[in-house]
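Per-entry structural report
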Amino acid sequence: AKTQTAKISAGNEIVTSYNDPKGRELCLAHQGDPRNFPENSLEGVQSCISMGVDIVDVDVQRTKDGQFVLMKDKDLSRMCTTTDGKSEATARVSEETLADLLKFYYLRAQHGGATAASTKYQIATLKDAIKACKGKCMLMINGGFAYASEINTLARSLGATDYVIIKKAADTSKIQSFKSSAGLPVCHICAYYS
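Below is a summary of the structure that appears in this document. (Residues numbered from 1 in each chain as written. Predicted model: local features only at pLDDT ≥ 70, side-chain atom pairs only at ≥ 80, totals over all residues. Heavy atoms only, no water.)

**Digging into the packing of helix H2 (residues 42–51) against helix H4 (residues 126–133)**
- Two elements in contact, H2 and H4, have axes separated by 10 Å at closest approach and are oriented at 10°. Our classification of the angle between H2 and H4 gives roughly parallel. From H2, Leu 42, Val 45, Gln 46 and Ile 49 reach across to H4, where they touch Asp 128, Ala 129, Ala 132 and Cys 133.
- When grouped by side-chain class, the residues that make up the contact of H2 with H4 number six nonpolar, one polar and one charged. (Axes fitted to C-alpha atoms, helices over the stretch in contact; angles between N-to-C directions. Helix = DSSP H or I, 4+ residues; strand = E, 2+ residues; numbered from the N terminus. Parallel < 35°, antiparallel > 145°, perpendicular 65-115°, else oblique. Contact = heavy atoms within 4.5 Å. Nonpolar A, V, L, I, M, F, W, Y, C, P; charged D, E, K, R; others polar.)

Below, the structure written as C-alpha cells:
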C-alpha cells in the first residue's frame, strides 16, 4: 500500500508541475524508449515509467473496429512484420481489426524500417498505455486532437483525464467546442496555432 501511495503522489506531483507555469521542468520521452524497445510500444512506455520520465509522447491510429493503437504511420510497413517472419506488413491500420493486429503482426526494433529486425513485441493499445501511465506519469497523444472526444471518453472511463494530454489542436474555436461538448473532467489539450 505504501508503494502504491508513493507512485500516485509522484504522478500527482507531475500533473501539478505541468499545470503550474512556475512548476519544475519536466522530462518528456518521444515515442517511448526506442533505443531499447520498438517506438510506441507498451514496453517502451513502461521502460520510461521505470526510468522516472514525466511525460511519454506517443502516436495513435484508429483500427477498422474503432480501437486506438500506438502507431505513427497509417500503414504497417515501416514498423511491422508478419508473425510468421516471412513477409513485411503492407496493410493500413484502418483496414485491420485490433484482434488481427495482435494476431498477425510484430513490431520492428527501434524506429523500424526495412532493415530493422522483427521483435516479438505486439502493437500496443492506447487503453493499455493510459492504464500504465495513470498515477505514474503523463501520456501525451500526438495527433490525438483528431480523436479528442473518443480519447477523452476513454481516459474518463479509466479515471485518467489528469494524466492524458491530447496534442495537436490547431484552432481555439475547436478547443472551446470540444471543451463545451465533452463535459468534465476533460483531458489536457496541447495546441499549435498562431
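Having seen the model, we can carry on.
**Some words on the pairing of strand S2 (residues 55–62)**
- Summarising burial for S2: seven of the eight residues are buried, a large majority.
- Of the strand pairs in this sheet, strand S1 (residues 28–30) and S2 are connected by three bridges, and their pairing is parallel. Within S2, the position partnered with Ala 29 by the bridge is Val 56.
- Handedness of the crossover joining S1 and S2 through H2 is recorded here as right-handed.
- Here S2 runs beside strand S3 (residues 68–70); their pairing, made up of three bridges, is antiparallel. Bridge assignment links Arg 62 to a residue of S3, and that residue is Phe 68.
- Between S2 and S3, which pair antiparallel and follow one another directly, the connecting turn spans five residues, one of which, Gly 66, has a positive phi of 80°. (Buried < 20%, exposed > 50% of the residue type's maximum accessible area, 1.4 Å probe, protein only. Pairing = 2+ DSSP bridges. Right-handed = clockwise from strand over helix to strand, strands pointing away.)

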